[in-house]
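One-letter residues, chain by chain:
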Amino acid sequence: MIRRNQRSHNPEDTRPNPRHIAIIMDGNGRWAKRRHLPRVAGHKAGVNALRDIVEHALARGIGILTVYAFSSENWRRPEEEVRFLMDLFITALQEQVQDLHENGVAVGFIGDRLAFSKKLQKAIADAETLTQANKAMRLMVAANYGGRWDIATACRTLAAAVAAGKLEVTDLDETRIGRTLSLGELPEPDLFIRTGGEQRISNYLLWQIAYTELYFTDVLWPDFSAPDLDLAIDWYKERQRRFGRTPEQLADIDSA
Ligand code: IPE
Ligand code: IPE
Ligand code: MG
């Protein structure tokens with residue numbers, strides 16, 4: 001992954017950046033409601049917020065950004081809103097992929113894309129193909145994604161491999177399962193951000209966030225801007241990630 005700005009925008013700050021940030025972009029509907037606008041206006045504003053956040057994450061040297069665009073449960077929304085979101089994904093891809101490409105961003109999608117229209121599936125595949133070799137940052141978009149779907153899909157893949165005699169039951173350990181999930185070999189998120197005030201996971205990356213630092217903010221997604229991302233990253237840098245160890249053990253490791 002990228003080396004540029006790997007640490008921080010402030011040269012005196014040597015604490016490591018999160019390598020991977022996962023975001024639940026929530027609050028578009030409420031943002032619109034406060035402005036007496038239809039909910040979909042909030043989604044449109046949300047796309048602009050995402051563009052700015054991608055740009056800022058790139059400048060901050062964040063290697064991977066995974067954003068929740070549409071959950072497997074969001075199909076339950078009114079048909080008109082779902083339709084608008086699908087059209088918005090296509091337009092946003094058409095309008096922004098070239099720019100992402102020029103900035104060295106590799107775009108990938110996780111989730112069950114077969115439920116999307118052929119047109120959207122093609123826009124997704126085209127974006128992935130165009131940008132696949134890019135190295136500056138990886139932007140993963142979770143669309144028709146659910147954490148349980150992800151785990152269930154991996155189980156089916158692994159069970160099929162066992163049934164075909166390609167794997168032994170004893171091969172199915174945490175590493176193998178993790179690698180079979182949709183983020184594959186990518187490092188797990190270091191920092192999770194949910195905007196919009198709710199403190200829940202909403203079936204996002206269930207397996208992958210086992211040790212992620214969780215940051216919740218009341219800022220509604222369309223209002224979430226570069227300084228808000230900086231605040232979250234600064235908060236992350238204050239965390240002591242113990243992974244089960246004691247603070248004293250970590251101090252020993254640090255001084256070794
Ligand atoms: C998140 O914003 C966007 C999607 C789920 C697509 P919401 O639409 O959930 O906004 P609120 O939570 O109703 O404010
Ligand atoms: C989660 O937001 C999904 C996305 C942001 C795409 P929701 O607004 O759909 O979550 P719940 O249903 O309120 O938990
Ligand atoms: Mg919401």
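Residues numbered from 1 in each chain as written. Chains lettered and ligands numbered in written order. Predicted model: local features only at pLDDT ≥ 70, side-chain atom pairs only at ≥ 80, totals over all residues. Heavy atoms only, no water.

For the coordinates displayed, the defined rule picks out 17 salt bridges. A salt bridge links Asp-190 to Arg-241; the shortest N-O distance between them is 2.9 Å. Of this pair, Asp-190 sits in the loop between helix H6 (174-180) and strand E5 (191-194) while Arg-241 sits in the loop between helix H7 (226-237) and helix H8 (247-255), and the two are 51 residues apart along the sequence. Relative accessible area serves as the criterion here: at 10%, Asp-190 is assigned to the buried category. The network of salt bridges with common partners includes Asp-13, Arg-15, Lys-237 and Glu-238. (Salt bridge = Lys/Arg side-chain N within 4 Å of Asp/Glu carboxyl O. Helix = DSSP H or I, 4+ residues; strand = E, 2+ residues; numbered from the N terminus. Buried < 20%, exposed > 50% of the residue type's maximum accessible area, 1.4 Å probe, protein only.)

The next subject is the sheet that holds strand E1 (residues 20-24). Strand pairing in a sheet takes place through backbone hydrogen bonds and is either antiparallel or parallel in direction. With parallel pairing, the 6 strands of this open sheet are ordered in space as E3-E4-E2-E1-E5-E6. Two strands lie at the open edges of the sheet, namely strand E3 (105-110) and strand E6 (213-216), each paired on one side alone. In this sheet, adjacent strand axes meet at a mean angle of 20° when their direction is disregarded. Bridge analysis of E1 against E5 gives 4 bridges, and the strand direction is parallel. When the bridges of E5 are listed, Ile-24 appears paired with Arg-194. (Pairing = 2+ DSSP bridges. Axes fitted to C-alpha atoms, helices over the stretch in contact; angles between N-to-C directions.)

On to the site of ligand 1, then. Near ligand 1 the following residues occur: Met-25, Asp-26, Gly-27, Asn-28, Gly-29, Arg-30, Arg-39, His-43, Ala-69, Asn-74, Arg-77 and Leu-85. Measuring from an oxygen atom of ligand 1, one finds a backbone N or O atom of Gly-27 at 3.4 Å. At a separation of 2.7 Å, an oxygen atom of ligand 1 approaches a polar side-chain atom of Arg-30. The protein chains hide 86% of the 380 Å² of surface that ligand 1 would expose on its own. Mapped by element, the contributors of at least two residues to the shell around ligand 1 are helix H1 (28-34) and helix H2 (39-59). Here the shell around ligand 1 is built from residues that sort into 3 nonpolar, 5 polar and 4 charged. (Near = heavy atom within 4 Å. Polar contact = N/O pair within 3.5 Å; in protein donor to acceptor, adjacent residues only side chain to side chain. Areas by Shrake-Rupley, 256 points an atom, 1.4 Å probe, with all protein chains shown as cover. Nonpolar A, V, L, I, M, F, W, Y, C, P; charged D, E, K, R; others polar.)

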